[in-house]
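# Overview (structure and organization)
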Amino acid sequence: MTGVGPLGPVGVRRVRGWATRAAATARAAHLTAAYRADRTEVVRNPHLTAEWARHAVRSPALLTAVRRAIGPNVAVENTFLVIKWPGRPFEVPWHQDGVNDRIVLDPRRSVAAWLALTNTDESTGCLRVVPGSQRRGYLPYAAEPDAGAVRGRALGITGVVPSEARPLPSQAGDGCLMDVRLVHGSASNTGAGVRIGLNIRFVAPGGCTVRDGSDPSLYPVSGTGW
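This report concerns the structure included in the present document. (Residues numbered from 1 in each chain as written. Predicted model: local features only at pLDDT ≥ 70, side-chain atom pairs only at ≥ 80, totals over all residues. Heavy atoms only, no water.)

### Quick word on helix 3 (residues 60-70)
What helix 3 keeps buried is the set Leu62, Leu63, Ala65, Val66, Ala69 and Ile70. In a view along the axis of helix 3, the buried residues occupy a sector of 160 degrees, so they form one face of it. Those residues of helix 3 that are exposed and angled more than 90 degrees off the buried face are Pro60 and Arg68. (Buried < 20%, exposed > 50% of the residue type's maximum accessible area, 1.4 Å probe, protein only. Helix = DSSP H or I, 4+ residues; strand = E, 2+ residues; numbered from the N terminus. Arc of directions from axis to C-beta.)

Now the structure itself:
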């Protein structure tokens, strides 16, 4: 599974206006209030339980970009809401979105999205991507060291040259699409405010293989091929 992929040689593409800045900022304020007491850092599959997330994955601007990349029939395989609280260690290691111990995504029929609900820059732990790294295909991965965090242990890859990475700051209501093989990560939030983003894995028919042969339980959002 090597090669350029549906997002071209860089492997990442900006998405503007999946929500208005005001709407994204307002939602971030609600989420901050809801999760502040427990300092929740990761919420899995909010598109299955929260109306705002169901609307987010169906955003017209977002789906237009996704359809251009993988075709008219689109489903959500997974979502993660990621909250980085200021001053709290939460480094996301270098990783690829399309492979883990449960699933393998076909990079010709899948794409990852990251949506900003708050303004993000290098101080708050914005995305850092390694342009063109998708050409190498899927790389060996392993769980990060156990630091006792409630969020669990993320999967990471080694051998990344940090100087090859580029920061991808975003405004609330914007985001990006990434090739599912693109190497990316993010640092801890050392800024003054909370940093919130929604990660989405989109697939076209035949784009997701579950390693144990079970049904991937997809959530269709576009097209009739489901």
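### Observations concerning the sheet that holds strand 4 (residues 92-95)
The strand order across the open sheet built from 4 strands is 4-12-7-10, with neighbouring strands paired in antiparallel fashion. The open sheet has two free edges, formed respectively by strand 4 and strand 10 (166-168), since each of these has just one partner strand. Geometrically, the sheet is characterised by an average inter-axis angle of 25 degrees between neighbouring strands, direction not taken into account. Here strand 7 (residues 127-129) pairs with strand 10 via 3 bridges, running antiparallel. Looking at strand 10, one finds that Arg128 is bridged to Pro167. (Pairing = 2+ DSSP bridges. Axes fitted to C-alpha atoms, helices over the stretch in contact; angles between N-to-C directions.)

### Concerning the environment of Arg88
Note on placement: Arg88 falls in the loop between strand 3 (74-84) and strand 4. The exposure class assigned to Arg88 is partly exposed, which follows from its relative accessible area of 32%. For Arg88 and Gly193, which are 105 residues apart along the polypeptide, the C-alpha to C-alpha distance reads 11 Å. Leave out the neighbours within four places in its chain, and Arg88 touches Arg39, Glu41, Ser188 and Asn189. (Contact = heavy atoms within 4.5 Å.)

### Things to note about helix 1 (residues 21-35)
Given a rise of 1.5 Å per residue, 15 residues ought to cover 21 Å, and the 21 Å separating the end C-alpha atoms of helix 1 matches this to within 8%. Within helix 1, burial applies to Ala24, Ala28, Leu31 and Thr32. Looking straight down helix 1, one finds its buried side chains confined to an arc of 105 degrees; they lie on one side. Turned more than 90 degrees away from the buried face of helix 1 sit Ala22, His30, Ala33 and Ala34, all of them exposed. (Expected span 1.5 Å × (residues − 1).)

### Considering the side chain of Glu77
Here Glu77 is to be found in strand 3. Accessibility expressed as a relative area gives 6% for Glu77, which makes it buried. At 2.3 Å, the side chain of Glu77 and the side chain of Arg102 are in polar contact. At 2.7 Å, the side chain of Glu77 and the side chain of Arg201 are in polar contact. Ignoring sequence-local partners within four residues, the contact set of Glu77 consists of Arg102, Ile103, Arg201, Val203, Cys208 and Leu218. (Polar contact = N/O pair within 3.5 Å; in protein donor to acceptor, adjacent residues only side chain to side chain.)

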